[in-house]
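The lines below spell out each chain.
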Amino acid sequence: MHDPESTKEILHRRKIGQHPPGFEANGLRAVYKPFWADLPHADIFLAFTPDLLHQLHKGVFKDHLVKWCIDIIGKDEMDAHFKAIPNYPGLRHFKKGILSVKQWTGREHKEMQRVFVGLLSGAVPSRVFVVARSILDFSYYAQLQIQTTESLKALQTALTVFHANKDIFKELALTHYVSSITLFGAADGFNTELPEHLHIDFTKDSYRASNKRDYEEQMALWLQCQEAVFLRSTYLDWLSQQPRSKSAAGLTECHSNPYNFDADSDTDLESETPNLPAAEPLQATHVLAKAPAHPRQSVQTIMTAYGATEFLSALRSFLLKNLPRNTIVPGLQDRFDLYCQVVIVMPPDLQVSDVPQRRRIRASPEMLLSGRKPGIPARFDMALIADSPRSSHLHTLEGLRVAQVRVIFTLPRQFGAYSRALAYVEWFTPFKPLDPSSRMQQVSRSTRQLRRNAAVIHVDEIVWPCHLIPKMGQTVDVRLRSRNAYEVANDFYFNELIDGEMFCACVLST
């Protein structure tokens, strides 16, 4: 960050005909009497606060890092790597690659960052990867909403790693981030993405609501109505959280699903936040739909459509352990109620967000083309599994193991009254040592006697969804597609950058 006094000295020397090297190096212009020169208590250079949208997402990442890597890998291979990324709830899949995207916004940049490190591993020289990883780490640290001494130290470390290897690319102006955050707080407060997003609310939406003639007055009136609705809604929300008398509370109807949403709906629930009463303690909650999406499904259907080939043997082991008095042996004649997904509502991680987060874990088979309805590929998501249920947000990967969730179901009545929902999962190996070049966790398919290692677990033992990226190398296997990546590949990188919570658990906890 420049110093006002030294800058005025450089300008003065330039004015009298000298040629100080700092004039060109600091990008100065021949304005010898800047407006701030006589303001003794103002440092104009402190006014240049970090801008996450234009400096990090668009500038450093998209305009520099991505272009550099495309020049190294090649356009076709870069697109092939993006096309092969496995699906994840809420993750944008660039099914045509990234070079065909005509209009870029901050959202596209952030979606690319979530998978960029994983797809680069093995595709670029090690020093290039070190630079890419340091830039992405820097970006994720800078976006934290609460900064600590440890996170600022890690932010500076990522910048130091970049500068140690920057000769392979070029220098980027990021040195002022630590000092700016220390002085003014988290960089999220200076991000221009928020006011730019308001263009949609205050301009585009209001224009669409008009009849396109004399629209200025209509837009102003529409915005006034929206503001009135917002104020009224805010008041009603505040009123609903106030303590009520016992008589009034007794008239309130109790709902079995406190979040009032259908957990088997096909909408994207990741960006929505449940309206939780402020007085209630926040605990991890697993929510299923009120009614199963596929009731009374046969074991044969589970084994073929869902690929749960070891379902019966895994269920028998589960019953032997958890229901030792049960005398009924599950067989092909039994039928099970199946659910498409489970939604996990987790207390907020204040470094990432101040609202509870909810994530989906899907277990749905392929839906073939039917009339005008398009076909839907199978979705069997990855998840982190714990030995016992957890009630707090994701702190660390210690004691967790990756598994693929294939079936979410409940036990039929003939096995007795058992209220906890179950899931059939296929295990991956425990986390291997970090890959030396990428510093990423590695996992592989776990097998037992040449068959996939599977088990039946309680749904509430699922801690959080996770994302794996297959090891693709410099050239993507022609068989590898997004829809079959988890089946074709055997070795994977654990994606630490899939969301802010996962980044904090993997990186900040170490």
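Attention here is on the structure that accompanies the text. These figures come from a predicted structure and were not determined experimentally.

Notes on the nonpolar core
Okay, so step 1: If you look at the biggest cluster of nonpolar residues, it comprises 122 residues, and the most contacted ones within it are M78, F116, L120, F311, F409 and M502.
Okay, so step 2: Discounting residues that sit within four places of it in the chain, F116 has contacts with F61, L65, V66, C69, M78, F82 and L136.

A short note on the side chain of Q441
Okay, so step 1: Position of Q441 among the secondary structure elements: in the loop between β9 (422-427) and β10 (442-444).
Okay, so step 2: Ignoring any residue separated from it by four or fewer positions in sequence, one finds Q441 in contact with L397, F431, K432, L434, F492, Y493, F494 and E496.

Structural notes on the sheet that holds strand β5 (residues 357-364)
Okay, so step 1: What the 4 strands build is an open sheet, ordered β1-β4-β5-β6; its pairing is antiparallel. Only two strands of the sheet have a single partner each, and these edge strands are β1 (285-287) and β6 (379-380).

Focus on helix α13 (residues 311-322)
Okay, so step 1: If you check α13, its first and last C-alpha atoms are 16 Å apart, about what 12 residues at 1.5 Å a residue would give, namely 16 Å.
Okay, so step 2: For α13, every residue scored as buried is listed here: F311, L312, A314, L315, F318 and L319. The arc enclosing the buried residues of α13, seen along the axis, measures out at 160°, which places them on a common side. More than 90 degrees from the buried face of α13, the exposed residues found are L320 and K321.
Okay, so step 3: Its buried side turned inward, α13 meets α12 (299-304), β3 (335-339), β8 (401-410), β9 and β13 (454-458).

Some thoughts on unusual backbone geometry
Okay, so step 1: Positive phi, close to 50°, is recorded for D214, a residue that is not glycine.
Okay, so step 2: You can call D214 exposed: its relative accessible area is 67%.
Okay, so step 3: For L450, which is not a glycine, the phi torsion comes out positive at approximately 65°.
Okay, so step 4: Structurally, L450 can be placed in the loop between β11 (447-448) and β12 (451-452).
Okay, so step 5: For L450, a relative accessible area of 85% translates into the label exposed.

A short note on the pattern of salt bridges
Okay, so step 1: Per the counting criterion, the structure on display carries 21 salt bridges.
Okay, so step 2: A salt bridge links E496 to R133; its shortest N-O distance comes to 2.9 Å. Of this pair, E496 sits in the loop between β16 (491-494) and α15 (500-508) while R133 is found in helix α6 (residues 126-142), placing the two residues 363 residues apart along the sequence.
Okay, so step 3: Looking at E496, the relative accessible area reads 6%, which means it is buried.
Okay, so step 4: Put simply, R451 and E310 hold a salt bridge, and the shortest N to O gap is 2.5 Å. Taken together, the residues R451 in strand β12 and E310 in the loop between α12 and α13 connect sequence positions 141 residues apart.
Okay, so step 5: Of the residues examined, R451 reaches a relative accessible area of 46% and is grouped as partly exposed.
Okay, so step 6: Taken together, the shared-partner salt bridges in this structure form one network comprising R406, E426, R445, R452 and E487.

Analysis parameters
- Residues numbered from 1 in each chain as written.
- Predicted model: local features only at pLDDT ≥ 70, side-chain atom pairs only at ≥ 80, totals over all residues.
- Heavy atoms only, no water.
- Core = buried A, V, L, I, M, F, W, Y, C linked by side-chain atoms within 4.5 Å.
- Buried < 20%, exposed > 50% of the residue type's maximum accessible area, 1.4 Å probe, protein only.
- Contact = heavy atoms within 4.5 Å.
- Helix = DSSP H or I, 4+ residues; strand = E, 2+ residues; numbered from the N terminus.
- Pairing = 2+ DSSP bridges.
- Expected span 1.5 Å × (residues − 1).
- Arc of directions from axis to C-beta.
- Salt bridge = Lys/Arg side-chain N within 4 Å of Asp/Glu carboxyl O.

Any functional reading would require information that these geometric values do not contain.
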